[in-house]
Structures are given as structure tokens and as C-alpha cells.
Amino acid sequence: MAINKIQRKKVWEEVAEELQRLIIDGHWAKGERLPSEVDLAKEVGVSRSALREALRSLSSMGLVQIRHGEGNFVWYPEAEDYLNPLMPRLMADRDDVLAIMEARSMVEVKTVALAAERATAEMLAEMEALLGKMEASRQDREQFARYDHSFHKQIALATQNNVIVKIYEAIEVFLVSQQLQIVYYSDAIERGVNDHRAILEAIKARDKEQAAEAMSAHMERTYNAILENTRKEERH
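Residues numbered from 1 in each chain as written. Predicted model: local features only at pLDDT ≥ 70, side-chain atom pairs only at ≥ 80, totals over all residues. Heavy atoms only, no water.

Draft legend 1. Unusual backbone geometry, seen in detail. For Gln160, which is not a glycine, the phi torsion comes out positive at approximately 55°. Relative to the assigned elements, Gln160 resides in the loop between helix H8 (141-158) and helix H9 (162-170). Within the chain, Asp187 stands out as a residue other than glycine whose phi angle is a positive 60°. You can see Asp187 is positioned in the loop between helix H10 (172-182) and helix H11 (188-204). (Helix = DSSP H or I, 4+ residues; strand = E, 2+ residues; numbered from the N terminus.)

Draft legend 2. Layout of the pattern of salt bridges. Scanning all chains against the criterion turns up 14 salt bridges. In this structure, Arg56 engages Glu53 in a salt bridge whose closest nitrogen and oxygen atoms are separated by 2.7 Å. Of this pair, Arg56 and Glu53 both sit in helix H3 (residues 48-61), 3 residues apart, roughly one helical turn. Linked by salt bridges that have partners in common, Glu128, Glu135, Arg197, Glu201 and Lys204 make up one network. (Salt bridge = Lys/Arg side-chain N within 4 Å of Asp/Glu carboxyl O.)

Draft legend 3. Expanded view of the side chain of Asn72. Among the structural elements, Asn72 can be located in strand E2 (residues 71-74). Overall, the relative accessible area of 9% leaves Asn72 in the buried class. What Asn72 contacts, discounting residues up to four positions off in sequence, is Glu32, Arg33, Leu34, Glu37, Leu55, Val64, Gln65 and Ile66. (Buried < 20%, exposed > 50% of the residue type's maximum accessible area, 1.4 Å probe, protein only. Contact = heavy atoms within 4.5 Å.)

Draft legend 4. Layout of empty space enclosed by the protein. Taken as a whole and assessed by the stated rule, the structure comprises 1 cavity of 30 Å³ or more. Size it by volume and the largest cavity reaches roughly 170 Å³. In terms of lining residues, the largest cavity is bounded by 15 residues, among which Asp148, Gln179, Ile182, His218 and Thr222 are the most central. Mapped by element, the contributors of at least two residues to the lining of the largest cavity are H8, H10, H11 and helix H12 (208-235). Each residue belonging to the lining of the largest cavity can be placed in one class, and the counts come to 6 nonpolar, 6 polar and 3 charged. (1 Å grid on protein atoms, 1.4 Å probe; cavity = no way out; pocket = protein on both sides within 12 Å on 5 of 7 lines; lining within 4 Å. Points joined across faces, edges and corners; volume = space filled by probe spheres on them. Nonpolar A, V, L, I, M, F, W, Y, C, P; charged D, E, K, R; others polar.)

Spelled out as C-alpha cells, the structure:
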């Protein structure tokens, strides 16, 4: 077995790693101007040349914006920066729509399990209110779909995990469009009310396994409904 030599890191690489850690940990907010190079170099304890090399590295990673004459600013892409441009293409292709449903199922099953553990009384009350509005909107399918969407978003909020909420918001346009289509499928209203009631009861019971099972069943039924209806459309 060959023995690998220990590679010594350059100073600027260590500086870049430390600044990256601080940015990821939220030491500076997105868009915030970093301290001047003189002050930051002193704070980190390195030369300005080492700091500049570290900043150039972070800039190439998309974590820092170097604005000549203005300074250096913390910057990092949000999930929607990547996902939103893809939505029109994804919405136009049936296979991609089904693939997104599979991915959505994976995310929402884990999300509802976290919601069952973390939802506050106020969040549970909001879910109950939204489900009541869904039930009262049986004759208005578009309004029903919007309350359906709001119910799922409330589950994401109930995780109290900012990353999950951002992911959900990034695909929000797609989800609303999809739900406005699904709501016109046969038995969509009754299926939606029953599925969401089962999900909510599990969340209220703080039963994360049952909540995950109820969400998984809901996602599977929705997936099958999309598949069945797209096949019907292709035959006509």
C-alpha cells in the first residue's frame, strides 16, 4: 500500500475555508459588505495578499461578490435561482412532471414527519382552518386548489426549517399550476379532503410515522392520477 504525502495547505486556502465557514454559519448576511481588506486581514491574522487570494477563490465559488470601488459582499445563490428558470421546461414535459412528483414525494414525506414533531399550536390551528376552507370550497375547484397548496406550504413552515421552506417556495409556481390541473380530475375533491384530513390528524397526534405514511399515500394517489389522466389525453 502506497503512503500518501501530507499536503500542506497554503495560507490563502486556510483563510478561504474560514471565511466560507463564517458565511455558511450566517456570520454575515447575504448582501452584507465585508469589512475592509485591511481590517479583515488583521482580524484573520494574515497578509492582504493572502486575503485577496482567498476572496478570489470565494468569488469563483459564488460566495462573495467583488465590486471594484465598492468592496466585497457576501453572496450565495438561493434554491430558486437554480429552479425557477427550469420550471417552464419541466411543466411542459409529462415525464418531467412525473419525475418532479417523485422528488416532491420524497421531500414532503420527510417534511410532514418533521412537522409532526415541531408544529406549534398556532400552526396546527392554521392547518385546521385551511382544511375547513378546502371542505367549504368543494364547488369552487380553483379556490380548493389554492387552499390545498396553502395547506402543504403550512406543513413546510411547520418544520421550522428555513431551507425546506426555501425549497418549497422555489417550486411554488409549479406546484400551484399542477394543483390547478389536478383538481379537475374525477374524484379529486373527495380524495383531497380525505387525504389531507388523514395527514392533519397524524400531525396533531404527533405521530411522525403515521404522518409520513399518510403523506406517502397521498403523493402516490396524486402521481397515479396524473399518470392516468395524461394517458387518457394522449389517446384522444
